[in-house]
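Topology and contacts: notes
Spelled out, the chains give:
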Amino acid sequence: MNGQAGAEGMAKSSSKIQAITFDVGGTLISPWPSVGHVYAEVALRNGFVPPSPQLLNERFGKAWRACAMFDYTRRGWEELVQETFQFPGGSVPFFADLYERFTEPDVWKVFDDVKPALDAVASQRVKLAVISNWDERLRLLLDRVGLAQYFESQFISCEVGAPKPSRVIFDRAASVLKVDPAAILHVGDSLEMDVHGARNARFQAVLLDRGQDVETEMTVPNLLSLVRRIECA
């Protein structure tokens, strides 16, 4: 995987990085304790006895992987939830409640390294923005979890009309930020969506791999490693 991420790497000099854009899910935040736990909680609150959180996680993961290109619409989420719960009749009675539940901060974990890393890079007067495949709930959510203040712009697939890895969303970010793409570093946890998408738009890119303890040329195990790399470049 790291070999595919490539030989180009991020710039050797921090002076070449004028802006940093971040993916959100898996990079800045993650469902807490898990998607399955939240689904089960909402089902119980609405008078339904759900499958176990573990089974719901397995079903959700299978349904998610089966989506060739998820469109991040409310209807798309409703179909995914139906696949997860497998309710007879083709609809989930409490979907509206579940959809709103994911705008509440207590069902999301902000990774421990996120705010210290954002504080550090912001002090270097680097522009910060979000490039994320998400729906209309993201702006409210980022505000509620205390992250919106860090970003001067948010580029969200449902608003731009094109999800990563499409070059369109990256081009829009470069245009609005008024920074040459080659001077923008994109950080995310997906090789295809984040690294390949960003590179195709002439961005620099680094893969965040929280499952690894070792830093490589093109991957970092956490965002503080990224900050140290930029400071020492």
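It should be noted that the structure appears before, not after, this text.
To keep things clear, this report deals only with the structure shown in the data block. (Residues numbered from 1 in each chain as written. Predicted model: local features only at pLDDT ≥ 70, side-chain atom pairs only at ≥ 80, totals over all residues. Heavy atoms only, no water.)

**A closer look at the overall build of the chain**
Each helix and strand counted, the chain has eleven helices and eight strands in total. Here the chain has a C-alpha radius of gyration of 18 Å; the compact-globule value for 233 residues is 17 Å, and the two agree. Considering only C-alpha atoms, the chain reaches an extent of 55 × 35 × 30 Å along its principal axes. Split into buried and exposed, the 233 residues of the chain put 51% on the buried side. Considering only intrachain contacts with a sequence separation of at least 6, the fraction spanning at least 24 residues in the chain is 61%. As displayed, the chain has an accessible area near 11,000 Å², and 51% of this comes from carbon and sulfur atoms. If the 25 positive side-chain charges of the chain are averaged to one point and the 30 negative ones to another, these points end up 3 Å apart. (Helix = DSSP H or I, 4+ residues; strand = E, 2+ residues; numbered from the N terminus. Rg over C-alpha atoms; globule rule 2.2 N^0.38 Å. Buried < 20%, exposed > 50% of the residue type's maximum accessible area, 1.4 Å probe, protein only. Contact = heavy atoms within 4.5 Å. Areas by Shrake-Rupley, 256 points an atom, 1.4 Å probe, with all protein chains shown as cover. Lys, Arg positive; Asp, Glu negative; His and termini not counted. Charge placed at Lys NZ, Arg CZ, Asp CG, Glu CD.)

**Side note on helix α3 (residues 53-65)**
Spanning 13 residues, α3 covers 18 Å between terminal C-alpha atoms, matching the ideal 18 Å at 1.5 Å per step. For α3, every residue scored as buried is listed here: Pro53, Leu56, Phe60, Gly61 and Ala63. Buried residues of α3, viewed axially, fall in a sector of 165°; they line one side. Projecting away from the buried face of α3 at angles above 90 degrees are the exposed residues Glu58, Lys62 and Arg65. Those residues of α3 that are buried lie in contact with α2 (35-45) and α4 (74-85). (Expected span 1.5 Å × (residues − 1). Arc of directions from axis to C-beta.)

**Quick look at the pairing of strand β5 (residues 153-156)**
Every second residue of β5 is oriented toward a common face, with Ser153 and Phe155 on one face and Gln154 and Ile156 on the other, all of them buried. Relative to β5, strand β4 (residues 127-132) is paired through four bridges, and the arrangement is parallel. By the bridge assignment for β5, Ser132 is matched with Ile156. In terms of handedness, the path from β4 via helix α7 (residues 138-144) over to β5 forms a crossover that is right-handed. (Pairing = 2+ DSSP bridges. Right-handed = clockwise from strand over helix to strand, strands pointing away.)

**Regarding the packing of aromatic side chains**
The geometry of an aromatic ring pair is captured by the separation of the ring centres together with the interplanar angle, meaning the angle of the planes. Taken as a whole and assessed by the stated rule, the structure comprises 20 aromatic pairs. Ring plane angle 55° and centroid distance 5.2 Å describe the contact between Trp64 and Phe70, whose orientation is recorded as tilted. Judged by centre distance (5.5 Å) and plane angle (45°), the ring pair of Trp108 and Trp134 falls under tilted. Residue Trp108 is located in strand β3 (residues 108-110), and its partner Trp134 is located in the loop between β4 and α7; the two are separated by 26 residues in the primary sequence. Of note, Arg74 hangs over the ring of Tyr99, and the distance from its end group to the ring centre comes to 4.5 Å. (Phe/Tyr/Trp six-rings, centres within 6.5 Å; stacked < 30°, edge-to-face > 60°. Lys NZ or Arg CZ within 6 Å of the ring centre and 35° of its normal.)

**Thoughts on the side chain of Arg229**
Assignment of secondary structure puts Arg229 in helix α11 (residues 223-232). Given the relative accessible area of 17%, Arg229 is considered buried. Of note is the side chain of Arg229, whose polar atom sits 2.5 Å from the backbone oxygen of Thr216. Side-chain polar atoms of Arg229 contact the backbone oxygen of Thr219, separated by 3.3 Å. (Polar contact = N/O pair within 3.5 Å; in protein donor to acceptor, adjacent residues only side chain to side chain.)

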